[in-house]
Amino acid sequence: MQTIDDRMLNFKYGKTEAHFYPPMTQTIANKLFEVSDRWDELEHIAGGPRSLESLQTMMSQSDGLTSAVVALEGVVVDQAWTAAPELQGSRIVVANEQLALLQAMCRDAVLTTQSSLGVTSKDIAASMSSFEANHKLLMEGGSVRRLAAKTDVAGISEDPVALDLMHKAEMQWLALKPVLEAIVTGSPATETALRTIVESTASAVESMDSAATYWGTTTRTTTMMTLEILAPVPFTGDWPAGQTMRLAAQLAESLINEEQQILPGYKLKHVFHDDKCDASKNSQVVLAEMSAKDTYIALGGTGCSQACAATSSVASSIKLPFLSYECSSDFDPKLSDTNTYPDLTRMGTVTTPVTDVIKNMGDNFGWSHVIIISGDRSKYKKLADERKSKFESLGFSSEYKSPVQDDFNSIQTMMSEIKESTKGK
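Residues numbered from 1 in each chain as written. Predicted model: local features only at pLDDT ≥ 70, side-chain atom pairs only at ≥ 80, totals over all residues. Heavy atoms only, no water.

Student: What am I meant to see in the overall build of the chain here?
Tutor: Looking only at helices and strands, the chain features 13 helices and nine strands. In terms of C-alpha radius of gyration, the chain reaches 33 Å, well past the compact-globule figure of 22 Å for 425 residues. Based on the C-alpha atoms only, the size of the chain along its principal axes is roughly 110 × 50 × 35 Å. Looking at the chain as a whole, 36% of its 425 residues qualify as buried. Counting contacts in the chain only where the partners sit at least 6 residues apart, residues at least 24 apart contribute 64% of the total. Surface accessibility of the chain: about 23,700 Å² in total, with carbon and sulfur atoms responsible for 55%. Of the side chains in the chain, 38 bear a positive and 54 a negative charge, and the two mean positions are spaced by 6 Å. (Helix = DSSP H or I, 4+ residues; strand = E, 2+ residues; numbered from the N terminus. Rg over C-alpha atoms; globule rule 2.2 N^0.38 Å. Buried < 20%, exposed > 50% of the residue type's maximum accessible area, 1.4 Å probe, protein only. Contact = heavy atoms within 4.5 Å. Areas by Shrake-Rupley, 256 points an atom, 1.4 Å probe, with all protein chains shown as cover. Lys, Arg positive; Asp, Glu negative; His and termini not counted. Charge placed at Lys NZ, Arg CZ, Asp CG, Glu CD.)

Now the structure itself:
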């Protein structure tokens, strides 16, 4: 029981040095915790006084645990197929089901000696039939259920290691099968027969576990589960820096995935959307994507400060970690206020010292006048006036100009005027 406790803890919270990784989606986490709750109930009974009554209760409770495990396996296979179609999810599930069937047959053979428990030879026969059908499926391939290709199990004729492991498992099964058949056909479950079943089951479980471990570890080293980052960035709009942000993010993503130092066993994948540098559009993208699927593990991108301010509360309410790739606090000083935006983390360029840098450059090159130029005056005048006052306090004379943003002739005329007025200065 302690081993199961340790495994359950590793599955829930991860233990990377032992190749256990935390659940990759909330749906999987929910199912896993349901399994954990069922196990806690069963463990409490198993650790208590031993009696026929407690055994009956355990058998009843074990059905609930089995159902929870099957539900968890279904969710994992479905989401693994979506994230990594090459993952042998169905094969691993069937291989582990074989282990459960072997142990169930041994248990039922022993429990047939207690008629009050309701276990009969028919239960053993049904498990034997399922075991052999699964063995054929693992050897020859097929579909676990008539749904989609995600439930397919490929044959192993091209895998000599798997063939050898499955042949060993088959030999152990052929040694166990006649003893079980004797119980099924009415032979008495003597102490000698039951001891043989227990010993043969242990050998069969060991062989089958080697095959299940092989598929599990081979898949783990050749396949990585995808972790998606939702990344609305400004490809268009007032500050269309999205192309640069996407390039940098994809470069970092590639290095992390190739080196496998930060997230071993996983690969990152950004899903980019154009938020048009607009706060409303950014929030709409986040809400629409999160309602469409639950595979996103974080919110990234978002370069415009207004969008950061608006989306921070959205990300916080849906418990989605939010890491902005820009969002200068110049346009909204409150972004630096961790009380106002407690869940917002920014990796933006620090622009606060820009006036001091220009002051040092001006002293070095003998500048006395600073001209501030912006786009849309209705958006940038407040910031420009703040910068103008700052420069004047540092000893510069300063002025602010703003041409018609989308009128190239207006921009050209303004720049010509600046050039003429600053000749020789």
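Student: I keep staring at the pattern of salt bridges and nothing clicks. Help me out?
Tutor: Any two side chains of opposite charge can pair, so long as their charged atoms come close to each other. Here the structure, examined in full by the defined rule, presents twelve salt bridges. For the salt bridge of Asp238 with Lys379, the shortest nitrogen-to-oxygen distance reads 1.9 Å. Of the two residues, Asp238 sits in the loop between strand S3 (225-233) and helix H8 (242-259) while Lys379 sits in helix H12 (residues 377-393), which places them 141 residues apart along the sequence. With a shortest N-O distance of 3.6 Å, Lys401 and Glu399 are connected by a salt bridge. The class for Glu399 is partly exposed, based on a relative accessible area of 27%. (Salt bridge = Lys/Arg side-chain N within 4 Å of Asp/Glu carboxyl O.)

Student: Which parts of the structure should I look at to understand the nonpolar core?
Tutor: The nonpolar side chains of a soluble globular protein tend to be buried with one another. Residues Leu102, Leu180, Ile197, Met208 and Trp215 are the most contacted members of the largest nonpolar core, which totals 33 residues. Put simply, the parts of the chain that give this core at least two residues each are helix H4 (89-111), helix H5 (121-140), helix H6 (160-184) and helix H7 (191-222). Broken down by element, the residue count for this core peaks at nine residues, all from H6. With 18 residues, the next largest nonpolar core counts Ile28, Ala80, Leu227 and Ile229 among its residues. (Core = buried A, V, L, I, M, F, W, Y, C linked by side-chain atoms within 4.5 Å.)

Student: Is there a simple way to think about the packing of aromatic side chains in this case?
Tutor: What describes a pair of aromatic rings is the distance from one ring centre to the other and the angle between the planes of the rings. Evaluation of the coordinates by the stated rule reveals four aromatic pairs. Their ring planes at 40 degrees and their centres at 4.5 Å tell us that Phe131 and Trp173 sit as a pair that is tilted. Placement of Phe131 in helix H5 and of Trp173 in helix H6 is noted, with a sequence separation of 42 residues between them. Taken individually, Phe131 and Trp173 each receive the classification buried, so the pair is uniform in this respect. On the basis of an interplanar angle of 85 degrees and a centroid distance of 6.0 Å, the ring pair of Phe391 and Phe396 is categorised as edge-to-face. For the pair Phe391 and Phe396, a shared accessibility class is recorded, and that class is buried. Seen from the ring of Phe396, Lys359 lies directly overhead, with NZ or CZ sitting 5.7 Å from the centre. (Phe/Tyr/Trp six-rings, centres within 6.5 Å; stacked < 30°, edge-to-face > 60°. Lys NZ or Arg CZ within 6 Å of the ring centre and 35° of its normal.)

Student: How should a nonpolar patch on the surface be read in this particular structure?
Tutor: On the surface, Val357, Met361, Phe365 and Trp367 cluster together to form a nonpolar patch covering roughly 400 Å² of accessible area. Looking at where Trp367 falls in the secondary structure, it is placed in the loop between helix H11 (354-365) and strand S8 (369-373). Take Trp367: its relative accessible area is 40%, and that puts it in the partly exposed class. (Patch = residues over 30% accessible without salt bridge, like charges linked within 9 Å, V, L, I, M, F, W, Y side chains within 5 Å.)

Student: Would you mind showing me how to read the state of the cysteines here?
Tutor: A covalent bond bridging the sulfur atoms of two cysteines is what the word disulfide describes. Under the counting rule described, the total for this entry stands at two disulfides. Linked covalently through their sulfurs, Cys277 and Cys304 form a disulfide whose S-S length is 1.9 Å. Given an S-S torsion of about -115 degrees, the disulfide between Cys277 and Cys304 has left-handed geometry. One end of the pair, Cys277, is in the loop between strand S4 (266-274) and helix H9 (279-292); the other, Cys304, is in the loop between strand S5 (296-299) and helix H10 (305-317), and 27 residues separate them in sequence. (Disulfide = S-S within 2.5 Å.)

Student: What is the right way to read the side chain of Ser127 from this model?
Tutor: Topologically, Ser127 is positioned in helix H5. What makes Ser127 buried here is its relative accessible area of 11%. Ignoring sequence-local partners within four residues, the contact set of Ser127 consists of Leu101 and Met105.

Student: Would you mind showing me how to read the pairing of strand S9 (residues 397-401) here?
Tutor: Looking along a regular strand, one sees the side chains alternate between the two faces of the sheet. Burial of S9 is one-sided: the residues Ser398 and Tyr400 facing one way are buried, the residues Ser397, Glu399 and Lys401 facing the other way are not. Across five bridges, S8 lies against S9 in parallel orientation. Considered in S9, the bridge of His369 is made with Ser397. Each parallel crossover has a hand, and for S8 linked through H12 to S9 it is right-handed. (Pairing = 2+ DSSP bridges. Right-handed = clockwise from strand over helix to strand, strands pointing away.)

Student: Looking at this structure, how should I read the packing of H11 against H12?
Tutor: Packing of H11 against H12 leaves a shortest axis separation of 10 Å and a crossing angle of 40 degrees. The orientation of H11 with respect to H12, classified from their angle, is oblique. For the crossing formed where H11 meets H12, the hand is right-handed. Here Val354, Thr355, Asp356 and Ile358 of H11 lie close against H12, whose contacting residues are Arg387, Lys390 and Phe391. When its residues are assigned to classes, the contact of H11 with H12 shows three nonpolar, one polar and three charged. (Axes fitted to C-alpha atoms, helices over the stretch in contact; angles between N-to-C directions. Parallel < 35°, antiparallel > 145°, perpendicular 65-115°, else oblique. Left-handed = near helix turned anticlockwise from the far one by under 90°. Nonpolar A, V, L, I, M, F, W, Y, C, P; charged D, E, K, R; others polar.)

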